[in-house]
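# Working through the structure, step by step
Chain by chain, the residues run as shown.
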Amino acid sequence: MSEEVKESLNFIEQIIENDLETKDNITIHTRFPPEPNGFLHIGHVKAICINFETAKKYGGKTNLRFDDTNPITEKTLYVDNIKNDIKWLGYDWEDREYYASDYFQQLYDFAVDLIKKGLAYVDDSTPEQIAEMKGTPTKPGVDSPHRNRSIEENMRLFEGMKNGEFADGSMVLRAKVDMKHPNMLMRDPNIYRIKKAHHHRTGDDWCIYPLYDFAHGQSDSIENITYSLCSLEFRHHRDFYNWLIEKLEIFPSRQIEFARMNVAYMITSKRRLLKLVENNTVTGWDDPRMPTIAGMRRRGYPAAALRTFVNKVGVAKRENVIEIDLLESCVRDELNKTTARVMGVLDPLKLVITNYPEGQVEQMDATNNPEDESMGTRTIPFSRELYIEQDDFMEDAPKKFYRLGPGKTVRLKNGYIITCEDFVKDENGKVTEVHCKYYPDSRSGSDNSGIKAKGVLHWVSIAQAVEVEVRNYNHLFTVDQPLADEEKDFLELINPESLVVKTAFVEPSLQSAKAGERFQFMRKGYYCLDADSTDDKLIFNKTVGMKSSWKKKK
RNA sequence: UGACCCAUGGUGUAAUGGUAACACUACGGUUUUUGGUACCGUCAUUCUAGGUUCGAGUCCUAGUGGGUCAACCA
């Protein structure tokens, strides 16, 4: 019986397990290092999950560290939202909430150390000159004329930079590595720049700020991060990351790069997402069409589904585009287990049960979730006049159409079996009313009719139904990779039907729904109550539709 | 005319030199008072060419294809 399910490790776990076997006193400490200049999106979800889950798996810890070294673009507003999103995703950094800006003094001291070792110099060449001297990937760079300043002069100048004696952009501090290095990032990278700007945390304490390459790795070391997991594009930075560990003689964090996750029909460019918000293509960062955590949350995606998704996607080093079906499959799977079934009609068609007593209302029993008995039952009013879905009736129904049509028999879910006897059309030929007879002994739960009905329809009783707004969402873009075509601006590829608003009718039990609460509208999809709802007007966001093996066959 | 990373079904990830596995999708089928769920089945000569080996998806070499790198962004 004892199955040995050998669990396969991703390449990061292999590295860790190898370290665990070959080295002593290994601790696992990771970090998630967002820059607070935008909202977290689906791409960050992968980074968050990998960092937190990997540490958890090996009994380690994960720090949250805001990489806030650029005072121009960073805001406290983003810090708060990022923290909220990570918590919602289900991860806890406990008391380890850090900021790169906490280390500004230490970073400054590191820079001084480098200068004193003759490994850094102040360059007052113009940005253009610096770029020019860097060469190109195929052409070696040349040394700056300021490369060999004395240590004393470098100290004096750097201190001057710090004290605000020089204008923004007039000079930078550069590491002295190798202008002919095949890796462009090793050609004396800039490590400090002058920016007389207000910082969201340190205020006006500093007017020089470290650049990424002189902040991220050092912060990792300061926090004793053992595995610094980042995306592939930082591969080239690793050389400098390691160079600094060696020269500064600091804690040797190890950077490991993995491929970022791309999801079809989604974009993860902060700049472009910001544009969608600013030009009102969407209603905000939390618009349910946005690939942001806030957007997906509002749309109704459960955090657990997002975690499962990342887990199923896996970790490797090759470029990838994940089909959105996998995400939706994870969402449906989670929602199927956790969500109450209710009935709501999105495109109403009046159905009259001609042999049902006028004015009579029966309370029908309904199971809330067949997957989970503990979710209990409720009652739904049934009467002579109901709404059914327009596409559940067809005048000329094909043989495999298990729904209503002249002479066809179906079961009304949690109700009775009915047979269609007649229907009414308006002057345009549109069906406006369907007339059926019902079989009194076919009531759900006590069916003695012996009648078999293949099709099952959802419905609401017109008199008791609640009119609500339904917001149906589709892919934000018309193509799966909106950024692939460099000729086309991504804004031209916005799906005009990404939001379709409808008036729908739902069963009265929904009246007591709470904002954020999720439901399965039987046969239609999963919906959650939007926070925009008021007592007078409920608004439901479509999270994802049901899977269907019918529609495309027609 | 460089350096680095990558290459397994439609998609993503496994296989850690011993006859290609799992998930999603698609397509069939069973069950079903949701055309949902659940369950079953079908869908790959591992980019190419050499080499090492008894044996290569896995190691080596070359080629091809894709990605990354020249912000005082991260």
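All of these numbers come straight from a predicted model, not from anything done at the bench. Chains are numbered independently. Their residues run from 1 in the order of the written sequence. Following the order in which they are written, the chains are lettered starting with A and the ligands numbered starting with 1. For a predicted model such as this one, the threshold for reporting local features is a pLDDT of at least 70, and the threshold for listing and counting side-chain atom pairs is 80 or more; totals across whole chains, interfaces and linings nevertheless cover every residue. For side-chain calculations, the full set of non-hydrogen atoms in the structure is used, while hydrogens and water are omitted.

Turning to the layout of surface pockets, a few remarks are in order. Only protein atoms enter the calculation, which uses a 1 Å grid: trapped sets of points that fit a 1.4 Å probe without letting it out are cavities, open sets showing protein on both sides within 12 Å along at least five of seven lines are pockets, and any residue with an atom within 4 Å of a point is a lining residue. Grid points are joined across faces, edges and corners, and a volume is the space filled by probe spheres set on the points. Within this model, the second largest pocket holds a volume of roughly 860 Å³. No other element matches the 5 residues that helix 2 (residues 42-57) contributes to the lining of the second largest pocket. Each residue gets one label: Ala, Val, Leu, Ile, Met, Phe, Trp, Tyr, Cys and Pro are nonpolar, Asp, Glu, Lys and Arg are charged, and the others, such as Gly, are polar. For the lining of the second largest pocket, the class distribution of residues is 10 nonpolar, 11 polar and 9 charged. Helical segments are the DSSP runs of H or I of at least four residues, strand segments are the runs of E of at least two, and each set is numbered from the N terminus.

Overall, parallel pairing links the 3 strands, which are arranged 1-2-3 in an open sheet. At either margin of the open sheet sits one strand with a lone partner, and together these are strand 1 (29-32) and strand 3 (97-99). Sheet twist, expressed as the mean angle between neighbouring strand axes with direction ignored, is 35 degrees. Only strands joined by at least two bridges in the DSSP assignment are considered to pair. Axis geometry follows a simple rule: fit a line to the C-alpha atoms, using only the stretch in contact for helices, then measure angles between N-to-C directions, giving values from 0 to 180 degrees.

Attention now goes to the confidence of the model for chain A. On average, residues of chain A carry a pLDDT of 96, and 98% of them reach 70 or more. As a predicted assembly, this complex carries a pTM of 0.96 together with an ipTM value of 0.97. The pLDDT value tells you how sure the predictor is about a given residue, anywhere from 0 up to 100.

The 7 strands are arranged 10-23-24-25-21-22-11 in an open sheet whose pairing can be described as mixed. Edge strands, defined here as strands with exactly one partner in the open sheet, are strand 10 (340-342) and strand 11 (344-345). Looking at chain direction, strand 11 and strand 22 (residues 499-506) are connected through 2 bridges and run antiparallel. The partner of valine 345 across the bridge, within strand 22, is phenylalanine 505. By definition, residues are in contact when any of their heavy atoms lie within 4.5 Å. The sheet strands contacting helix 12 (residues 324-338) are strand 10, strand 23 (518-521), strand 24 (525-529) and strand 25 (539-545), and the helix crosses strand 25 at an angle near 120 degrees.

What follows covers the environment of lysine 46. Relative to the helices and strands, lysine 46 resides in helix 2. Between buried and exposed lies partly exposed: a residue is buried under 20% and exposed over 50% of the maximum accessible area for its type, with that area taken using a 1.4 Å probe on protein chains only. Take lysine 46: its relative accessible area is 2%, and that puts it in the buried class. Ignoring anything within four residues of it in the chain, the contact list for lysine 46 reads Phe258, Ala259, Arg260, Met261, Val310 and Gly314.

The next thing to look at is the pattern of salt bridges. The term salt bridge refers to a side-chain nitrogen of Lys or Arg lying within 4 Å of a carboxyl oxygen of Asp or Glu. Counting across every chain of the model gives 38 salt bridges. Residue aspartate 188 pairs with arginine 147 through a salt bridge whose shortest N-O separation is 2.7 Å. With aspartate 188 in the loop between strand 5 (172-175) and strand 6 (190-194) and arginine 147 in the loop between helix 5 (127-134) and helix 6 (151-162), the pair connects residues that are 41 residues apart, well separated along the chain. Comparing aspartate 188 with arginine 147, the two get one shared label, buried. When the shortest N-O distance is used, the salt bridge between glutamate 469 and arginine 471 registers 2.8 Å. The pair glutamate 469 / arginine 471 is uniform in exposure class, with both members buried.

For the rest of this paragraph, the subject is the domain arrangement of chain A. In this entry, domain limits derive from an automatic or database-based domain assignment. Once the domains are mapped, chain A shows domain 1 (3-260), domain 2 (270-340 + 468-553) and domain 3 (347-458). Accessible area that two parts lose when put together, evaluated with a 1.4 Å probe and summed over both, is termed the buried area. Buried surface at the junction of domain 2 and domain 3, both sides included, amounts to about 1,400 Å², of which 53% is carbon and sulfur. The three residues of domain 2 that bury the most area against domain 3 are Met522, Arg523 and Trp550, which together make up 38% of that side's buried surface. Our enumeration of links across domain 2 and domain 3 arrives at 3 salt bridges. When the shortest N-O distance is used, the salt bridge between aspartate 347 and lysine 502 registers 2.7 Å. Each polar contact in these results corresponds to two N or O atoms within 3.5 Å; when the atoms are within protein, one needs to be able to donate a hydrogen and the other to accept it, and residues that are neighboring in sequence are counted only if both atoms are side-chain atoms. Here domain 2 and domain 3 share 7 residue pairs in polar contact (both at pLDDT 80 or more) between them. For the side of domain 2 that touches domain 3, the element with the highest residue contribution is helix 12, accounting for 3 residues.

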